[in-house]
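# Residue-level structural notes
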Amino acid sequence: VLLVGIGARLHVHLEQRHWTERSNRRIEQRLSRIADRQRALVDALQSLARQVATHPGTGRALGGDEPAVASLFRTLETMRETTSERPALALHSFQPLVTVAWAGRIGDPAVFEGLVNQAADVFVLEGSVSTTLVAAVPVRNAAGGPRGFATASLPVAVRRNIGNQFLRDFDLLAASDA
């Protein structure tokens, strides 16, 4: 019993000495993985938005060419399907601010009013139900002025803001469903 007690005290002493160091190392590793994931998501969204903005049919679609718009819808869906995250892709015009073509779930283009300018950008849109990471790339006219913009967006957080007497039952059933 005495040896067990001594062993336990020695174990506790060693754990206390190295616990902070191990904890800090684990926290740093976790933060590094999160930063790597964030960089990868931003890079992927920027790349997709740039592909939409530079697609050969984008200019014609912004000009209202119906066959170009139909073709762009198919292209955006194909682009979206090639990624594991399946972000929403869209092409928007500036005047008026409308969505011309899209693939995936997109929101109201009015949220971009004042956010999108003449430079490529990445920003977060936070709403009451979801938080979305958005990459936007401008589409320029022949004179170099703004004509529209392409977006690639990915929800990073989704909140359920409903409650009723059946919600708990639904959650229990959904949790037990394999």
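Structure shown above.
Quantities reported herein were computed from a predicted structural model and do not represent experimental measurements.

## Points about the overall build of the protein
Helix and strand content of the protein: 4 helices and 5 strands. When the helices and strands of the protein are read in sequence order from the N terminus, they spell out α-α-α-β-β-β-β-β-α. Against the compact-globule benchmark of 16 Å for 178 residues, the protein has a radius of gyration of 25 Å, which places it well outside the compact range. Along the three orthogonal principal directions, the C-alpha set of the protein runs to about 85 × 45 × 30 Å. Counting only residues that meet the buried cut, the protein has 29% of its 178 residues in that class. In the structure as shown, the protein presents an accessible area of about 11,900 Å², 57% of it carried by carbon and sulfur atoms. Charge separation in the protein, taken as the distance between the mean sites of 20 positive and 17 negative side-chain charges, equals 7 Å.

## Comments concerning the pattern of salt bridges
What the rule picks out here adds up to 7 salt bridges. We note a salt bridge from Asp 65 to Arg 60, for which the minimum N-O separation is 4.0 Å. Exposure remark for Asp 65: the relative accessible area of 29% places this residue in the partly exposed category. As a salt-bridge pair, Arg 86 and Glu 81 come within 2.4 Å of each other at their nearest N and O atoms. Overall, the relative accessible area of 35% leaves Arg 86 in the partly exposed class. Here Glu 81 falls in the partly exposed class, since its relative accessible area comes to 43%.

## Topic: the nonpolar core
Core analysis: the biggest nonpolar cluster contains 26 residues, and Val 52, Ala 61, Leu 76, Leu 89 and Leu 91 have the highest contact counts within it. When residues in this core are grouped by element, the largest group, 7 residues, is from helix 1 (residues 2-54). Not counting residues up to four positions away in its chain, the partners in contact with Ala 61 are Ala 68, Val 69, Leu 72, Leu 91 and Val 100. By size, the runner-up hydrophobic cluster in this structure holds 7 residues, among which are Val 116, Phe 123, Val 134 and Ala 136.

## Overview of unusual backbone geometry
For the bond running from Gln 95 to Pro 96, omega is -5 degrees, close enough to zero to count as cis. With respect to the helices and strands, Pro 96 occurs in the loop between strand 1 (88-93) and strand 2 (98-103). The phi dihedral of Arg 86 falls on the positive side, at around 50 degrees, and the residue is not glycine. Within the fold, Arg 86 resides in the loop between helix 3 (66-81) and strand 1.

Thresholds, definitions, all that
Residues numbered from 1 in each chain as written. Predicted model: local features only at pLDDT ≥ 70, side-chain atom pairs only at ≥ 80, totals over all residues. Heavy atoms only, no water. Helix = DSSP H or I, 4+ residues; strand = E, 2+ residues; numbered from the N terminus. Rg over C-alpha atoms; globule rule 2.2 N^0.38 Å. Buried < 20%, exposed > 50% of the residue type's maximum accessible area, 1.4 Å probe, protein only. Areas by Shrake-Rupley, 256 points an atom, 1.4 Å probe, with all protein chains shown as cover. Lys, Arg positive; Asp, Glu negative; His and termini not counted. Charge placed at Lys NZ, Arg CZ, Asp CG, Glu CD. Salt bridge = Lys/Arg side-chain N within 4 Å of Asp/Glu carboxyl O. Core = buried A, V, L, I, M, F, W, Y, C linked by side-chain atoms within 4.5 Å. Contact = heavy atoms within 4.5 Å.

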